[in-house]
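Read off the chains here:
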Amino acid sequence: MLIFFYFLCKGDGMIFDKYITQPKRFEKYIPVSKVQSLITKEQAAEDLSELIYLINNRYCGKEYWENQGIVFSSCYSEIADFISSSDEIYITDFCRRIYLSFNKGIVDNHFSFASPLTGRLGFSRQYSAYFANFVVEMADGIYRVIKSDDNSVKIGSIVRGENCFYKTLSPKKRDYFLVGCRSFDAVKYIKLQIDDGFQNVAVHRCRSIEKTEIFDVCMQLRTKNRINILRSNCCDYVGGINENTDFIALGKKLRNDKILVLDYLSNQGGYNKITRDFIKGLNGYVHCEEHSATLISPVTENKDCYREWVVNEARPYNTELGKFEGVLIMLINGDTASSGETAVLYAKSLKNFILIGENSMGCNTFGNVESYSLKHSKIIVRIPNTLNLCTNPDDCAEGKGFTPDFWVDSSNVQDDVLTWIRDIYDFGS
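Residues numbered from 1 in each chain as written. Predicted model: local features only at pLDDT ≥ 70, side-chain atom pairs only at ≥ 80, totals over all residues. Heavy atoms only, no water.

Enquirer: Explanation requested: the overall build of the protein in the structure shown.
Expert: If you tally the helices and strands in the protein, you get 10 helices and 21 strands. Taking 22 Å as the expected radius of gyration for a compact globule of 429 residues, we find that the protein reaches 28 Å, considerably beyond that expectation. Dimensions along the principal axes, computed over C-alpha positions, put the protein at roughly 85 × 70 × 55 Å. Taking all 429 residues of the protein together, 48% fall into the buried category. In the protein, the proportion of contacts linking residues at least 24 apart, taken out of those at least 6 apart, comes to 69%. (Helix = DSSP H or I, 4+ residues; strand = E, 2+ residues; numbered from the N terminus. Rg over C-alpha atoms; globule rule 2.2 N^0.38 Å. Buried < 20%, exposed > 50% of the residue type's maximum accessible area, 1.4 Å probe, protein only. Contact = heavy atoms within 4.5 Å.)

Enquirer: Can you walk me through the layout of surface pockets in this structure?
Expert: Empty space among the atoms becomes visible once a probe the size of a water molecule is rolled across them. Here the largest pocket defines a volume of roughly 470 Å³. In terms of lining residues, the largest pocket is bounded by 23 residues, among which Val135, Lys147, Thr168, Leu178 and Asp416 are the most central. Tallied by class, residues from the lining of the largest pocket come to 10 nonpolar, seven polar and six charged. (1 Å grid on protein atoms, 1.4 Å probe; cavity = no way out; pocket = protein on both sides within 12 Å on 5 of 7 lines; lining within 4 Å. Points joined across faces, edges and corners; volume = space filled by probe spheres on them. Nonpolar A, V, L, I, M, F, W, Y, C, P; charged D, E, K, R; others polar.)

Enquirer: What exactly am I supposed to notice about a nonpolar patch on the surface here?
Expert: Residues Ile15, Phe16, Tyr19 and Ile20 make up a contiguous nonpolar surface patch of roughly 460 Å² in combined accessible area. Residue placement: Tyr19 occurs in the loop between helix H1 (2-9) and strand E1 (38-40). (Patch = residues over 30% accessible without salt bridge, like charges linked within 9 Å, V, L, I, M, F, W, Y side chains within 5 Å. Areas by Shrake-Rupley, 256 points an atom, 1.4 Å probe, with all protein chains shown as cover. Salt bridge = Lys/Arg side-chain N within 4 Å of Asp/Glu carboxyl O.)

Enquirer: Can you walk me through the packing of helix H2 (residues 41-58) against helix H4 (residues 72-84) in this structure?
Expert: Helix-helix packing: each pair is described by the crossing angle between the helix axes and the interaxial distance. The geometry of H2 relative to H4 is characterised by a closest axis approach of 10 Å and an angle of 170 degrees between their N-to-C directions. In terms of their interaxial angle, H2 and H4 are classed as roughly antiparallel. Between H2, through Lys41, Ala44, Ala45, Leu48, Leu51, Ile52, Ile55 and Asn56, and H4, the contact on the second element is made entirely by Phe72, Tyr76, Ile79, Ala80, Ile83 and Ser84. Partitioned by chemical class, the residues of the contact of H2 with H4 number 11 nonpolar, two polar and one charged. (Axes fitted to C-alpha atoms, helices over the stretch in contact; angles between N-to-C directions. Parallel < 35°, antiparallel > 145°, perpendicular 65-115°, else oblique.)

Enquirer: Please clarify how the sheet that holds strand E17 (residues 327-332) should be interpreted in this entry.
Expert: Sheet strands pair by backbone hydrogen bonding; their relative direction is either parallel or antiparallel. If you walk across this open sheet you meet the six strands as E12-E13-E14-E17-E18-E21, and the pairing is mixed. Looking at the sheet topology across the chains shown, the edges are occupied by strand E12 (220-224) and strand E21 (406-407). Bridging between strand E18 (residues 353-357) and E21 involves two bridges; their strand directions are parallel. Note that in E21 the partner of Gly357 across the bridge is Trp407. Sitting on the sheet, helix H9 (residues 339-347) touches E17 and E18, and the angle it makes with E17 is about 160 degrees. (Pairing = 2+ DSSP bridges.)

Enquirer: What should I look at first to understand the packing of aromatic side chains in this one?
Expert: When we look at a pair of aromatic rings, we describe it by the centre distance and by the angle of the planes. Applying the stated criterion to the full structure yields 23 aromatic pairs. Each ring, one from Tyr64 and one from Trp65, has its centre 4.9 Å from the other, and the planes form 80 degrees; the classification is edge-to-face. Looking at Trp65, the relative accessible area reads 5%, which means it is buried. Among the aromatic side chains, those forming a connected cluster through ring pairs are Tyr59, Tyr64, Trp65, Phe72, Tyr76, Tyr99, Phe102, Phe111, Phe113, Phe123 and Phe366. Directly above the aromatic system of Tyr127 lies the positively charged group of Lys400, at a separation of 4.9 Å from the ring centroid. (Phe/Tyr/Trp six-rings, centres within 6.5 Å; stacked < 30°, edge-to-face > 60°. Lys NZ or Arg CZ within 6 Å of the ring centre and 35° of its normal.)

Enquirer: Just checking my understanding: could you explain helix H10 (residues 413-424) for this structure?
Expert: Helix length check: H10, at 12 residues, gives a terminal C-alpha distance of 16 Å against a target of 16 Å (1.5 Å per residue), a fit within 8%. Burial in H10 covers these residues: Val413, Gln414, Val417, Leu418, Trp420 and Ile421. Each buried residue of H10 lies within a common arc of 165 degrees when the element is viewed along its axis, so the set occupies one face. Of the surrounding secondary structure, the elements contacted by the buried residues of H10 are E12, strand E13 (227-231), strand E14 (259-263), E17, E18 and E21. In the segment just after H10, Asp426 is the residue with positive phi, at about 60 degrees. (Expected span 1.5 Å × (residues − 1). Arc of directions from axis to C-beta.)

Enquirer: Any chance you could explain the side chain of Ser292 here in plain terms?
Expert: Note that Ser292 resides in strand E15 (residues 290-296). For Ser292, the residues in contact, after removing those within four places along its chain, are Val310, Val311, Asn312, Thr386, Leu387 and Asn388.

Enquirer: Got a minute to help me understand the nonpolar core in this structure?
Expert: Generally speaking, nonpolar side chains in soluble globular proteins are found buried as a group. Core analysis: the largest hydrophobic core is formed by 35 residues, its most contacted members being Leu51, Ile55, Phe72, Phe94, Phe102, Ile106 and Phe113. Elements with a minimum of two residues in this core: H2, H4, helix H5 (91-102), strand E3 (108-115), strand E4 (119-123) and strand E20 (380-390). Sort the elements by how many residues they give to this core and H5 lands first, with six residues. With residues up to four places along the chain from it excluded, the contact list for Phe102 reads Leu51, Ile55, Phe72, Cys75, Tyr76, Ile79, Phe113 and Phe123. Listed in part, the 31 residues of the second largest apolar core include Leu260, Cys288, Tyr346 and Cys396. (Core = buried A, V, L, I, M, F, W, Y, C linked by side-chain atoms within 4.5 Å.)

Enquirer: Would you mind showing me how to read H5 here?
Expert: Residue pairs three or four apart in sequence face the same way in an α-helix, which turns once every 3.6 residues. The terminal C-alpha atoms of H5 lie 17 Å apart, and with 12 residues this matches the ideal 16 Å at 1.5 Å per residue to within 8%. Lining the buried residues of H5 we find E1, H2, H4, strand E2 (88-90), E3 and E4.

Enquirer: So what exactly am I meant to see when it comes to unusual backbone geometry here?
Expert: For residues besides glycine, phi is generally negative; the peptide bonds are generally trans as well. Even without being glycine, Arg226 reaches a positive phi, approximately 70 degrees. Assignment of secondary structure puts Arg226 in the loop between E12 and E13. Residue classification places Arg226 among the exposed positions, given a relative accessible area of 57%. Even without being glycine, Ser338 reaches a positive phi, approximately 55 degrees. Relative to the elements of secondary structure, Ser338 occurs in the loop between E17 and H9.

Enquirer: What is the right way to look at the pattern of salt bridges in this model?
Expert: Any two side chains of opposite charge can pair, on the condition that their charged atoms come close. This model, assessed by the stated rule, comprises 17 salt bridges. Arg307 is the salt-bridge partner of Glu63, the closest N and O atoms lying 3.2 Å from each other. You can see Glu63 sitting in helix H3 (residues 62-66) and its partner Arg307 sitting in the loop between helix H8 (298-301) and strand E16 (308-312), a full 244 residues away along the chain. Glu63 sits in the partly exposed class, given a relative accessible area of 28%. Note that Glu213 is salt-bridged to Arg231, the shortest N-O span being 2.7 Å. Of the two residues, Glu213 sits in the loop between strand E11 (197-205) and E12 while Arg231 sits in strand E13, which places them 18 residues apart along the sequence. Among the ionic contacts, a cluster of salt bridges with common partners joins Glu78, Arg97 and Lys104.

This is the structure we're talking about:
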């Protein structure tokens, strides 16, 4: 060590002169805690018991997923087997084992486990759309290519396939479709019958997912091509509440519009009140037809009580109570989530409502999340306790979201929609 130090000191100066400071004395030692990396099997077993207690008494998705074939008792057994086969257990391995034991088809954007070295391990999955580089027109039951950026598929070719046609924006009295599929996993090719033969056709993730801003925007009003557009990529009070954030007044101001665009592309949520107040002002009537069931237990109430469900069944929409006679067009994509998706439910209060873009994220089925720390491993468990369902649960299933009336495979959905409006509703430029 002394010889090594001698060579470092040789020459005009220390090799570390630019990088280290001279010695100095600290007057007081302050104890700090290191992140724990190991626990015993006995400690892990105690943590498992705590985890089982939390999930059984807090997780609103337990019965939901068990009805779809996921056996939670088997998940618990897998973790117990992992513990029994070890003497000492690394917390990172323990956290991953817990996650893998439950990762058998659960799709829940709010349920997760985390440790300092694994980070968050969640169950977020998305049933995304993948489209080919051509558009077809359907006439007399035949789908014929009318636009193509795929050299292997010519204009005029006839396309056949099952569940692969997605209605898109088209001129009056014509029916255009995108061609593709939806999947929880990334897709590069789909097999289609093109004319008389089958071929693997290249597909890409729907381009509507592309973001257009860096900063938060909330209910920013502008007029383009004589159409009022409200842009929101969040549902937060950006900049605080002032005369420009009286959303009921804003809605009333636009009540006589024939066409109104509500651009909620990449709106990842915030406060439900913003959209609710705006629709209230616009329409005079606003409703959210969403059924909810909240799991109540000693875990949620922090006291002895029954484990029970508190159910709230929503009333059906009565759109005839609304005053807005125009058409509200709402733009969504795969990043439209949580309160951004609740906004879709509020917008359904209107008589004339069109949803355009791609499917929303599907991040609304499970909600009201709390975080818990297991006693020994300090693994963080995030658990929702409220189950939200549309009247038809498939309308906004977790990971699948709301399905648009018209799909758009474009990085500039808003401009495509404005062009379509000019044609369909005879708006001048």
